[in-house]
Every structure is written in C-alpha cells, then in structure tokens.
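Next come the chains, spelled out residue by residue.
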Amino acid sequence: MADETISDLAAVSAALGTHEIPVNESGVSKKLTVAQIAALIAPLTVSENFLTGDVNLTNINTFYDGPSLSLAAGTYILMGSVTIYVGVSGYVASKLWDGTNVWDSPGDEQAAGAQTQIVVFGTCVLGTPTTVKISSVSSTTGSVMLATVLNGATHKGSHLMAIKIA
C-alpha cells in the first residue's frame, strides 16, 4: 500500500512538471494535458437581456411580459429578477416560463407605494429554439414593472440571464 501511494505521488509530480494530469477512465490509467481536459469541458455561454422600458400592469390578474431571451436548444440555468412598483396594496407575482412550462413563480403581498424585487431561478432543457421570459401580475391597479430603479440607466430594474451548460 505504501509503495502505491509513493508511486501515485511520483506520477502526480511528474504530471505537474509536464502539464499532464493522470486520470482513470473505465479502469485504464492515462495522462491528459490541460488542453485536452479543457476541450472536454463545454464552454459556458451566457445570454442576458434587460427590460428597456417600464411595463404597466394595467389589468389586474393579467400577466404582462418583462425581459425575455431567445435561446437555442440545450440545457440552461436561468435566473433573473423584476422590480415592481406597487401602486395600491396587493399581491404581485412573477413567473419564469416559455409560455407553457413554468420553472419558477414567486410572489408576495406588498404595501401601497412599495418597490419590491422578485427573483426567479430555474433550470430547463430546451429541445428546440425557444423564447423564455419573466412575466408579472398584480392583484391591484397601479403596479409597474420597472426598467430602471433609482432614476438611473445603470440601475437595471428587471433582467433575465441564461447560462447554457450543455
């Protein structure tokens, strides 16, 4: 056992000197270079979109679309948030979806005149190119999904991000 440990350490030391890493694949030991390993790992692709104008949630209990992304087929981690100004006390909610499949749908009761940020997160596997979006709803009138907060273009109020992982 001690000899195996020493030879393992020697193999690792040698591998580090040549920028190779020992691996065991299906019972076969071999060395891979860092470049070979990097080629095996799919590079992550990140897409992001920001709401460019405020969206009035005019009709109560009706969902209005916020930020969206058109994505190619693949597996994604989705995350985003919307900031909603609540004109009259009531319930506001958002859903992360493609128009059919819902991956997240948080909501909360809010006081009049409040701004609330609703965060969405999910994963999805898309078989075909698909548009994913965050849509929001309010149980009262006067609510607005905000494009910016604090009156500044650099303070993004509502956005959606997708990270393609496969």
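Refer to the structure printed above.
The paragraphs below set out a description of the structure included in this document.

1. Brief notes about the pattern of salt bridges
Here is step 1: Taken as a whole, this structure holds one salt bridge when the rule is applied.
Here is step 2: With a shortest N-O distance of 3.2 Å, lysine 133 and aspartate 65 are connected by a salt bridge. Note that lysine 133 is positioned in strand 11 (residues 130-138) and aspartate 65 in strand 5 (residues 64-71), a separation of 68 residues in sequence.
Here is step 3: By relative accessible area, which is 42% here, aspartate 65 ends up partly exposed.

2. Remarks on the nonpolar core
A general feature of soluble globular proteins is that nonpolar side chains tend to end up buried together.
Here is step 1: Core analysis: the biggest nonpolar cluster contains 23 residues, and Leu71, Tyr76, Leu78 and Ile84 have the highest contact counts within it.
Here is step 2: Elements that contribute at least two residues to this core include exactly strand 4 (55-57), strand 5, strand 6 (74-86), strand 7 (90-97), strand 10 (114-126), strand 11 and strand 13 (159-164).
Here is step 3: Here this core takes five residues from strand 6, the largest share from any one element.
Here is step 4: The residues contacting leucine 71, other than those within four sequence positions of it, are Ser47, Tyr76, Leu78, Leu126, Thr128, Pro129, Thr130, Val132 and Ala162.

The rules we used
Residues numbered from 1 in each chain as written. Predicted model: local features only at pLDDT ≥ 70, side-chain atom pairs only at ≥ 80, totals over all residues. Heavy atoms only, no water. Salt bridge = Lys/Arg side-chain N within 4 Å of Asp/Glu carboxyl O. Helix = DSSP H or I, 4+ residues; strand = E, 2+ residues; numbered from the N terminus. Buried < 20%, exposed > 50% of the residue type's maximum accessible area, 1.4 Å probe, protein only. Core = buried A, V, L, I, M, F, W, Y, C linked by side-chain atoms within 4.5 Å. Contact = heavy atoms within 4.5 Å.

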